[in-house]
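# Observations on the three-dimensional arrangement
Residues per chain are reported as follows:
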Amino acid sequence: EDSIMIDLNQKPYKRSRGMYIAFAALEYLIAILISGSFLARLTGELGISDGLTGIISSFVSLGCLFQLISMFIKPKSSKSFSLYMTLVNNLLFMCLYILPLLDLPKSVSTVAFVVIILLAYMVYNIANPSKTNWFMSLVDDRQRGIFSANKEIISLICGILFTFIMGRVIDHYKEIGELRTAFVICAVCIFVVGTASLLTMVFTVET
């Protein structure tokens, strides 16, 4: 009954919906850097076979099963819980691009990569239901379809441009034999984009 009485047209809620759209786009950019050809380039540098890369990708796609754990977690504040979990999640993703710079033995780097990426997706999926409920509570039930469509359109446009730019960056450094420099740039991108996404969460209110 309390949620029905909230006027979602008030300025703080309008601003928060804008923050949600920005967060979704930023989160998508990070997802691009740890999937597809970017992930394959990273695993290739670590000496991980294509077969194992495929297995890792399959496990990642099953990460949604970790959302079942969220049923047993009842955070006092969805905002605080989502903020901390997103911070951990982004740091773990950033660590994936730091691994090739450490010159660890192949067996160690392979195990570390698998553990980090699975842990990152576990954290992401555990927090996702609470985070989604928090964000979507800012949107009127009658506008959720249109809002979600606009959010996805903006994320996709940003993703296309980002994929093109980062793809060119990695190809350039690979051609000149400085692929590790590209990984440093990717790690910095995750840090910057992740920090920006955390700021959008900070400026998003709770209903």
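Heads up: the structure comes first, above all this text.
Report on the accompanying structure. Note that this is a predicted model, so its numbers are computed, not measured. (Residues numbered from 1 in each chain as written. Predicted model: local features only at pLDDT ≥ 70, side-chain atom pairs only at ≥ 80, totals over all residues. Heavy atoms only, no water.)

### Details of the overall build of the protein
Rules: To qualify as a helix, a DSSP run of H or I must reach at least 4 residues; to qualify as a strand, a run of E must reach at least 2; elements of each kind are numbered from the N terminus. Atoms considered for the radius of gyration are the C-alpha atoms alone. The globule rule reads 2.2 Å times the number of residues to the power 0.38. A simple rule labels every residue: compare its accessible area, found with a 1.4 Å probe on the protein chains alone, to the largest value its type can have, and call it buried under 20%, exposed over 50%, or partly exposed in between.
A count of helices and strands for the protein gives eight helices and zero strands. Taking 17 Å as the expected radius of gyration for a compact globule of 207 residues, we find that the protein reaches 18 Å, a close match to that expectation. With respect to the three principal axes, the spread of C-alpha positions in the protein is 60 × 35 × 25 Å. By the burial criterion, 40% of the 207 residues in the protein qualify as buried.

### As for the pattern of salt bridges
Selection rule: Any carboxyl oxygen of Asp or Glu within 4 Å of a side-chain nitrogen of Lys or Arg constitutes a salt bridge here.
As enumerated under the stated definition, the model contains seven salt bridges in all. A salt bridge links aspartate 103 to arginine 180; the shortest N-O distance between them is 2.8 Å. Here the residue aspartate 103 occupies a position in the loop between helix H5 (78–98) and helix H6 (106–136), and arginine 180 occupies one in helix H8 (residues 179–202), the gap between them amounting to 77 residues. Judged by relative accessible area, aspartate 103 falls into the exposed class, the value being 54%. You can call arginine 180 partly exposed: its relative accessible area is 33%. Within this structure, Glu45, Asp103 and Arg180 form a network of salt bridges that share partners.

### Considering a nonpolar patch on the surface
What counts is decided by this rule: Note on patches: the residues involved have over 30% relative accessible area and no salt bridge, like charges join within 9 Å, and the nonpolar side chains Val, Leu, Ile, Met, Phe, Trp and Tyr join within 5 Å. Here the open area of atoms and residues is found with the Shrake-Rupley method and a 1.4 Å probe, where only the protein chains shown may cover a residue.
A surface patch of nonpolar side chains, about 700 Å² in accessible area, is lined by Ile98, Leu101, Leu102, Leu104, Val108, Val184, Val188, Phe191 and Val192. You can see valine 184 is positioned in helix H8.

### Here's the deal with the environment of isoleucine 116
Rules: Contacts are assigned to residue pairs that have any heavy atoms within 4.5 Å of one another.
Of note, isoleucine 116 is situated in helix H6. A sequence separation of 42 residues divides isoleucine 116 from lysine 74, and the C-alpha atoms of the two residues are 25 Å apart. With near-sequence residues (within four places) excluded, isoleucine 116 lies in contact with Leu92, Cys95, Leu96 and Leu99.

### Here's the deal with the nonpolar core
Counted only if it meets this: To define a nonpolar core, start from buried Ala, Val, Leu, Ile, Met, Phe, Trp, Tyr and Cys residues and group those joined through side-chain atoms within 4.5 Å.
Counting residues in each nonpolar core, the largest one holds 40 residues, and the members touching the most others are Leu33, Phe93, Leu96, Tyr97, Phe113 and Ile117. Counting only elements with at least two residues in this core, the list comes to helix H2 (11–33), helix H3 (36–45), helix H4 (50–61), H5, H6, helix H7 (144–175) and H8. Here phenylalanine 93 is in contact with Ile30, Ile34, Ala120, Tyr121 and Ile190, once residues within four sequence places are set aside. Judged by nonpolar contacts, the second largest core, of 13 residues, contains Leu8, Tyr13, Ile21 and Phe147.

### Remarks on the packing of aromatic side chains
Heads up, the condition is: By convention, a stacked pair of Phe, Tyr or Trp rings (six-membered ring in the case of Trp) has centres within 6.5 Å and planes under 30 degrees apart, an edge-to-face pair has planes over 60 apart, and any other such pair is tilted.
In total, this model carries six aromatic pairs according to the counting rule given. Ring centres of tryptophan 134 and phenylalanine 135 lie 4.5 Å apart, and the angle between their planes is 15°; this geometry places the pair in the stacked category. Like tryptophan 134, the residue phenylalanine 135 is buried in the burial classification. A connected cluster of aromatic rings, assembled from ring pairs, spans Tyr20, Phe23, Trp134, Phe135 and Phe147.

### Things to note about H3
The criterion, for reference: This arc corresponds to the set of directions leading from the helix axis out to the C-beta atoms.
Those residues of H3 not exposed but buried are Phe38, Leu39, Leu42 and Thr43. Taken down its axis, H3 places every buried residue within 130° of arc, on the same side. With respect to the buried face of H3, the exposed residues turned more than 90 degrees away are Gly36 and Ser37. Where H3 is buried, its residues meet H2, H4, H5, H6, H7 and H8.

### Quick look at the packing of H2 against H6
Selection criterion: Note on geometry: axes are lines fitted to C-alpha atoms, helical ones only across the stretch in contact, with angles between N-to-C directions running from 0 to 180 degrees. Oblique is the label for any angle not under 35 degrees, not over 145, and not in the 65 to 115 range, which are roughly parallel, roughly antiparallel and roughly perpendicular in turn. Note: crossing handedness is left-handed where the near helix turns anticlockwise from the far helix by less than a right angle, and right-handed where it turns clockwise. The classification used treats Ala, Val, Leu, Ile, Met, Phe, Trp, Tyr, Cys and Pro as nonpolar, Asp, Glu, Lys and Arg as charged, and all other residues, Gly among them, as polar.
Running from N to C, H2 and H6 point in directions that differ by 155°, and their axes come no closer than 12 Å. Compared by their axis directions, H2 and H6 come out roughly antiparallel. Note on packing geometry: the crossing formed by H2 with H6 is left-handed. Contacts between H2 and H6 involve Tyr20, Phe23 and Glu27 on the former and, on the latter, Tyr124, Lys131, Phe135 and Met136. Of the residues that constitute the contact of H2 with H6, the class distribution is five nonpolar, no polar and two charged.

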